[in-house]
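What the coordinates show
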Amino acid sequence: MSGWTAAALLPGVWLALLLGLLLWALGRWFDRPPAATPWVLAALMLSLFAPSLVGGKVLFPPGVLHGAQPLRAVLGEPPPASFGGDVAFQVVPWASEVRRAVARGEWPLWGPHLGPGMPLLGNPQTQALQPLAWPALALPLAPGLVVPSALQVAVAFLFMVLLLRRQGAVPAAALLGGVAWSLAGFLQLWLQWPLAASAALLPLLLYAVVRGVDEGGSRDLALLAVALFAVLTAGHPETILYDLLLAAAFALTRLRTVPGRRLRRLAALAVAAGVAAAVAAPAILTAAPQLRASLRHLIVSQRAAPEDGLVAWQGDGRRERLAELERRLVPIAAPNAFGNSRFGHYWGEQNSNEDAAGFAGTLPLLLALLAFLPARRRLAQERVMLAAAAVSLVVLARPPGLRSLVHDLPVLGSSATYHHRLLMVLAFAVAYLAACEVDRWLRRQRRWRLAPLAGLALAALLVWAYRSNPSPEHPGILLALRHRSLLLQGGVLAMGAALAALAARRLAWRQRAAWAVAGLTGVELLLLHAATGRHVSPPAFYPAAPALEFLADHAAGSRILGQRALPANVAAVYGLTDVRISDPLEPAAYHQLTAPLHEGGRRESDRLFYPEHPLYDLLGVRYVLTDRWLRLPLPRAYRGRDGRVYERPGALPRLFLPDAALAAVPPRRWLVWVWENDDFRARAIVEPTARHPGDWQARPRAGEALLRFAWRGPARLDGEAALTEERLLASSLYQDGGWRLLLDRRPLPTLLANGPFVAAWLPAGEHRWALLHRPPGFLPGLLLAGCALGLGMLLWTPHPAAAPAARSPQ
């Protein structure tokens, strides 16, 4: 193994220690998993993550960085196809910013290397408080990336097994459900995205709910609070909502089976939920205003109601709607029927990650369909999962009028995909129902008279899906992939039928057949979802490039513009600050401000152009990184085979003192004025205040004002000023409501200047000042979290048993 060292074992050793402690804690205080669970878990970890756990590789989507000119010159030619740009351009840069803050012993509140500065704790997808992400901080960034993903798969498997065992399933059925869910499309295809955390934590949450209702002890309620806290900080609001709704359904239906004291049990569950929400308050309260101020929220809130009534299904529109329905539902059973985005070609509805996320295995799908047949005995909450699967299918099918109805509902109407992520609930229901059906089979409570017909119908569906949906532009493209997928799924279905027939003849073989079904399911899902290359060598993980090294040496304290040469946010991994933003929570105000710089039709500010525009002076862009063939009318600072760097001499520092201020009073349109301003050092537009209700002009002085500042952390700037008169302190720091100014240790009011940027009026004289970022809701959230932790310890910490009374001598 070229370049391998003993340090490559650290992620594997660290993960083994964590999982060993988890298994010990479960056996000590909760339910002991079946005897085969550790071996199956080890097989999952090695089959999915061995190159990164013990082989010195990095869990990172290959090829996505080859699109950057400076990195392509180092990495060489890109692979034939790549997928997972969000991991490289969002998830890892966010993780690097969180690490910098934690390394300084500070709260991860602010990311100074992301555009004009972006919230970290206030951005749910950074997962700054996610427990499954904490263990990665013990390792460097590159080897640590595998730890959260491996923990997600392990938690999904372990607690799915424990949940099913708690519901009454036999070990073989529980292990089938665990394998199907931990390798299902939603978890595997979204691995390293925040969505995967919601999927991984769902079995843990439901298991904690069931134990809280059944047992109601201190450890059970504490586990429920921990599970709820982990779900609330998972990072994806829509899938978090699905987790909570399913947990509520489990709790209410489970309470009906508890004899007596139902209100007391319900109150205990409510207290645990309240404690979890309060502990997560620092993240929830800081994220709420950021979500409301984001561009995505603005787009979703202003979109018109969709026209999807019966009229749209009549005439020529019927064929188009049926084709959309086919593209939306077919990947649930045939994930590669429309190609695969990981191989560069996909002609389904969105992309293969989105559409194939509901696939949980061919045999589990067949078993889940059989679970809808009448049965004499059902496992606990099986009817809840039947209803969840049915509702998910209806919402995913989008019958006439459904989207219009959902659009008008509070909370539910805010889904940008019209709840297409319900594929998570559907895949979970398939795994759960498959385990229930295998349990009935092993207990000899099911006669599968209709099973052969269901198997033949599913086989026919697979043949039709793969043979009738070629690419409309290139019918022969990815033909081999689709044929291999059909053969794989058909072969698994045939082997499952053979096992069922063999077990029907020899009843003693049913247990072995159930184990074989679980093994077939695992192999199939590994080949379909996880067999693609996910691991890269360390030199391919954000490699050093001469152009980036030049910027690191010269661009300290200023921002850069990567244009097409460097994807947005990638600069943050190198400690550089790119003015662009690639973030679902991009502020709407910043998007509006930078509108003249956008490439036509863009909704997000991850592509900005026109480097000569004066607006870049305000944004502090000193250097422009371009491809090596692009020439700009700017002084050239660097030239190499990995690109060119041009210098903008008019760039302003992050904080500066403009010579004049214009009050943004009606009917003056401040946004247009900012766009047309050609000298932001000379003029700024500000909010009117009682002291400065109108325009202001600095008086000419012989001496110049002194302003000095330096970063003292990601969310703090310290400085000093020597002013001969009151001056406006302007900046290019995005004001999300959290920036506070202390002047000589006393609070000084702030305002907005030049749009969304923080500013303040500094009085004359010599002063020391500090600009601190404390997000709105952060301090109240900390207070709530502290009180909740104290309450939880008071309620759930076991008290020492009273000493037994001394027995009198006889």
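Residues numbered from 1 in each chain as written. Predicted model: local features only at pLDDT ≥ 70, side-chain atom pairs only at ≥ 80, totals over all residues. Heavy atoms only, no water.

It is worth spelling out the pattern of salt bridges at this point. Charged atoms that come close allow side chains of opposite charge to pair. A full pass over the atoms with the stated rule returns 27 salt bridges. Overlapping salt bridges, with partners in common, bring together Asp31, Arg166, Arg211, Asp214, Glu215, Asp220 and Arg254 in one network. (Salt bridge = Lys/Arg side-chain N within 4 Å of Asp/Glu carboxyl O.)

Tallied over the full model, the rule gives 4 cavities of 30 Å³ or more. Forming the boundary of the largest cavity are 21 residues, of which Val91, Ala95, Gln127, Ala133 and Pro148 lie nearest the centre. Mapped onto the lining of the largest cavity, the elements with two or more residues apiece are helix 4 (85-103), helix 5 (141-144) and helix 6 (146-166). If one sorts the elements of the lining of the largest cavity by residue count, helix 4 sits on top with 5 residues. In terms of residue class, the lining of the largest cavity is built from 13 nonpolar, 7 polar and 1 charged. Empty space within the second largest cavity amounts to approximately 40 Å³. Taken together, Leu655, Leu729, Ser731, Leu741, Thr750, Val758, Ala759, Ala760 and Leu771 form the lining of the second largest cavity. A class-by-class count of the residues in the lining of the second largest cavity yields 7 nonpolar, 2 polar and no charged. (1 Å grid on protein atoms, 1.4 Å probe; cavity = no way out; pocket = protein on both sides within 12 Å on 5 of 7 lines; lining within 4 Å. Points joined across faces, edges and corners; volume = space filled by probe spheres on them. Helix = DSSP H or I, 4+ residues; strand = E, 2+ residues; numbered from the N terminus. Nonpolar A, V, L, I, M, F, W, Y, C, P; charged D, E, K, R; others polar.)

Across the interface, helix 12 (residues 262-279) lies against helix 13 (residues 281-292) with an axial gap of 5 Å and an inter-helix angle of 65 degrees. Judged by residue contacts, Ala277, Ala278 and Val279 of helix 12 engage Ala281, Pro282 and Ile284 from helix 13. Here the residues of the contact of helix 12 with helix 13 are counted per class, giving 6 nonpolar, no polar and no charged. (Axes fitted to C-alpha atoms, helices over the stretch in contact; angles between N-to-C directions. Contact = heavy atoms within 4.5 Å.)

What follows concerns the sheet that holds strand 8 (residues 621-626). Sheet architecture is open: 4 strands sit in the order 7-8-10-9, paired in mixed fashion. Pairing within the sheet leaves two strands with one partner each, and these edge strands are strand 7 (559-561) and strand 9 (636-640). Put simply, the sheet's adjacent strands are angled 20 degrees from each other on average, direction ignored. With 3 bridges joining them, strand 7 and strand 8 adopt parallel strand pairing. Note on strand 8: the bridge partner recorded for Arg559 is Val621. Strands in contact with helix 24 (residues 546-554) are strand 7, strand 8, strand 9 and strand 10 (643-647); relative to strand 8, the strand with the most contacts, it is inclined by about 175 degrees. (Pairing = 2+ DSSP bridges.)

Aromatic ring pairs are reported here in terms of the distance separating the ring centres and the angle at which the planes meet. Scanning all chains against the criterion turns up 16 aromatic pairs. Pairing Tyr542 with Tyr574 gives two aromatic rings, centres 6.2 Å apart and planes at 75 degrees, and the pair type is edge-to-face. Here Tyr542 is found in the loop between strand 6 (535-536) and helix 24, whereas its partner Tyr574 is found in the loop between helix 25 (570-573) and helix 26 (588-593), with 32 residues between them in sequence. We classify Tyr542 as buried; its relative accessible area is 7%. An aromatic cluster is built from Phe60, Phe541, Tyr542 and Tyr574, whose rings are joined through pairwise contacts. (Phe/Tyr/Trp six-rings, centres within 6.5 Å; stacked < 30°, edge-to-face > 60°. Buried < 20%, exposed > 50% of the residue type's maximum accessible area, 1.4 Å probe, protein only.)

Our next topic: the packing of helix 10 (residues 218-232) against helix 12. How two helices sit against one another is set out by the angle between their axes and by the gap between those axes. Direction vectors running N to C along helix 10 and helix 12 enclose 40 degrees, while the axes themselves pass 8 Å from each other. In terms of orientation, helix 10 and helix 12 fall into the oblique class. For the crossing formed where helix 10 meets helix 12, the hand is right-handed. Residues Leu221, Leu224, Ala225, Leu228, Phe229 and Leu232 of helix 10 lie in contact with helix 12, whose contacting residues are Ala268, Leu269, Ala272, Ala273, Ala276, Ala277 and Val279. (Parallel < 35°, antiparallel > 145°, perpendicular 65-115°, else oblique. Left-handed = near helix turned anticlockwise from the far one by under 90°.)

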